[in-house]
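Commentary on secondary and tertiary structure
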Amino acid sequence: MEKKEDRRIAMTKRLLKAALIELLKEQDIYHISIRELCERADVNRTTFYKYYGSQFDLLTDMEKDMLDFIAKAIERHETEPEKIITAACRYLEENLEFARLIINNNVDPAFAHKLFAMDSLKESARKMLSGSNSEAELAYVYNFLTFGAFRMVCVWLNKEEREPPDLFAAFLCRVLYSRF
């Protein structure tokens, strides 16, 4: 069983993550100093280094949170892709500032590749696409669908007056299943 993190540690990490998001809206990650990050979060530098080695480690932890959420949604709703997509869209809406930063490639251009390389996502798609397709055809279709869906999510997240997550997720599912 996974040990639950101490509330003070969780709060400190939340403060650091919120500070990083605010700073990333102002400048790129290469120009963010640990001193500046700690001042924004009102956290001691020693405390920062207790949990992270650099601002890049903090960003990686934030990306991991997102990827872990998606992996758990896939696991929970293994046979119901619509529920997976809905859960992911709700998560993105709830974490909109970070989602916009990471999805728009402003912070980590490799994030989309990390997402699409997830074994749980590949396996879920393989089950959805199973049939008489060859491995090569499955790879083409997987890339077409995932990158196309990713681009649709980018457009949706960047809209100021977005559709609600459930409505967008339903539309995305219709597109993925060619029922629009």
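Residues numbered from 1 in each chain as written. Predicted model: local features only at pLDDT ≥ 70, side-chain atom pairs only at ≥ 80, totals over all residues. Heavy atoms only, no water.

So, about the pattern of salt bridges. Under the criterion given, the structure shown has 15 salt bridges. Linking Lys114 and Asp108 is a salt bridge whose minimum nitrogen-to-oxygen distance equals 2.6 Å. The structure contains a network of salt bridges with shared partners spanning Lys17, Asp61 and Asp65. (Salt bridge = Lys/Arg side-chain N within 4 Å of Asp/Glu carboxyl O.)

What follows covers the packing of helix H1 (residues 7-24) against helix H6 (residues 96-103). The interhelical angle for the contact between H1 and H6, taken along N-to-C directions, is 55°, at an axis separation of 10 Å. It follows that H1 is oblique to H6 by the angle criterion. Where H1 crosses over H6, the handedness of that crossing is left-handed. Residue-level contacts link Ile21, Glu22 and Leu24 of H1 to Glu97, Phe98 and Leu101 of H6. The residue inventory of the contact of H1 with H6, partitioned by class, reads four nonpolar, no polar and two charged. (Axes fitted to C-alpha atoms, helices over the stretch in contact; angles between N-to-C directions. Helix = DSSP H or I, 4+ residues; strand = E, 2+ residues; numbered from the N terminus. Parallel < 35°, antiparallel > 145°, perpendicular 65-115°, else oblique. Left-handed = near helix turned anticlockwise from the far one by under 90°. Contact = heavy atoms within 4.5 Å. Nonpolar A, V, L, I, M, F, W, Y, C, P; charged D, E, K, R; others polar.)

No statement about biological role is implied by the geometric values presented.
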